[in-house]
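# Structural description and commentary
Below, each chain spelled out in residue letters.
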Amino acid sequence: AQSVTQPDIHITVSEGASLELRCNYSYGATPYLFWYVQSPGQGLQLLLKYFSGDTLVQGIKGFEAEFKRSQSSFNLRKPSVHWSDAAEYFCAAKNYGQNFVFGPGTRLSVLP
Amino acid sequence: EAGVTQFPSHSVIEKGQTVTLRCDPISGHDNLYWYRRVMGKEIKFLLHFVKESKQDESGMPNNRFLAERTGGTYSTLKVQPAELEDSGVYFCASSRQLAATSGANVLTFGAGSRLTVL
């Protein structure tokens, strides 16, 4: 069955530190890949997406993600975390014509 | 453009009662989706409308859940009667027409409706 895993339920980093959130997918073929963020009281906001081409994808708010076919991964990174990045992050995948499959989410806490 | 709007933001009801959640998608978005997140678990698909028609309702948990999208605009999701395990956050999302173009694959989500069943 198609699935998306996020091994880290909760991550805490200090403001200014670098961040990497892990995401692995299990699909027969490479799906479309997405990262969404949900801040408290807000809807899910799209950070970035990968469809094809360059495996390093730039998104909003200074985030980037790297697609690695050999590892079936699509990890999210940010070189310097800001306090406003504290939120829950969801990795998602879908094939054309099928529905989104979401990971369980990673909650990010940022220490001052 | 206005985003996806969901009402209510939070509803607390007792087991056996009925609750109706509403979603107003972005104007012009033919595709409307309902998702649910239960107790910190993954967000799971419930169903998908294309205009007023149910394209896929394979994720609906049981017949206590009824979704409608009259006129292809807003949608409602009714839970009747509600059970304890229905507690969670119900998300609505919308997108433009399905196509092979990359933009059609992006969903815009609402803030969610949190349902608490006591």
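As a reminder, the structure under discussion sits directly above these lines.
Residues numbered from 1 in each chain as written. Chains lettered and ligands numbered in written order. Predicted model: local features only at pLDDT ≥ 70, side-chain atom pairs only at ≥ 80, totals over all residues. Heavy atoms only, no water.

### Concerning the pairing of strand β10 (residues 87-94) of chain A
Residues and elements named next belong to chain A. Spelled out, the test is: Categorising residues by exposure relies on relative accessible area from a 1.4 Å probe, with only protein chains included: less than 20% of the type maximum marks a residue as buried, more than 50% marks it as exposed, and the intermediate range marks it as partly exposed. Here a strand is any run of E in DSSP of at least two residues, a helix any run of H or I of at least four, and the numbering for each starts at the N terminus. At least two bridges found by DSSP between two strands is the condition for calling them paired.
Taking burial as the measure, the eight residues of β10 include eight buried ones, the bulk of the element. Alternating residues of β10 divide into Ala87, Tyr89, Cys91 and Ala93 and Glu88, Phe90, Ala92 and Lys94, and every residue in both groups is buried. Relative to β10, strand β5 (residues 32-38) runs antiparallel, the two being bridged by seven bridges. Within the sheet, the bridge partner assigned to Phe34 lies in β10 and is Ala92. Bridge analysis of β10 against strand β12 (residues 106-111) gives three bridges, and the strand direction is antiparallel. Within β12, the position partnered with Tyr89 by the bridge is Thr106.

### Things to note about the interface of chain A and chain B
Definition in use: Residues count as neighbours in contact if any of their non-hydrogen atoms are within 4.5 Å of one another. Accessible area that two parts lose when put together, evaluated with a 1.4 Å probe and summed over both, is termed the buried area. Each reported salt bridge corresponds to a side-chain nitrogen of Lys or Arg within 4 Å of a carboxyl oxygen of Asp or Glu. Pairs of N or O atoms within 3.5 Å make up the polar contacts considered here, provided that, within protein, one atom can donate a hydrogen while the other can accept it, and that residues adjacent in sequence are counted only when both atoms are side-chain atoms.
Chain A puts 20 residues into the contact, and the matching count from chain B is 20 residues. At the boundary of chain A with chain B, total buried surface from both sides reaches about 1,600 Å², with 60% on carbon and sulfur atoms. Inspection of the chain A/chain B interface yields one salt bridge. Linking chain A with chain B are four residue pairs in polar contact (both at pLDDT 80 or more).

### Considering the pairing of β12 of chain A
Put simply, side chains in a regular strand alternate between the two faces of the sheet. Residue and element names in this part refer to chain A. The side-chain alternation of β12 yields one buried face, formed by Thr106, Leu108 and Val110, and one unburied face, formed by Arg107, Ser109 and Leu111. Judged from the five bridges that link them, strand β2 (residues 10-14) and β12 form a sheet pairing that is parallel. Bridge pairing links Ile11 to Leu108 in β12.

### Structural notes on the state of the cysteines
Residue and element names in this part refer to chain B. The cut-off we apply is this: Two cysteine sulfurs form what is called a disulfide whenever their separation falls within 2.5 Å.
Scanning the entire structure with this criterion turns up two disulfides over all chains. Cys23 shares a disulfide with Cys92; S-S distance 1.8 Å. Between Cys23 and Cys92 the disulfide shows an S-S torsion of about -65 degrees. By sign, it is left-handed. Taken together, the positions of Cys23 in strand β3 (residues 19-24) and Cys92 in strand β9 (residues 88-95) put the pair 69 residues apart, joining distant regions of the chain. Accessibility assignment for this pair places Cys23 and Cys92 in one class, buried.

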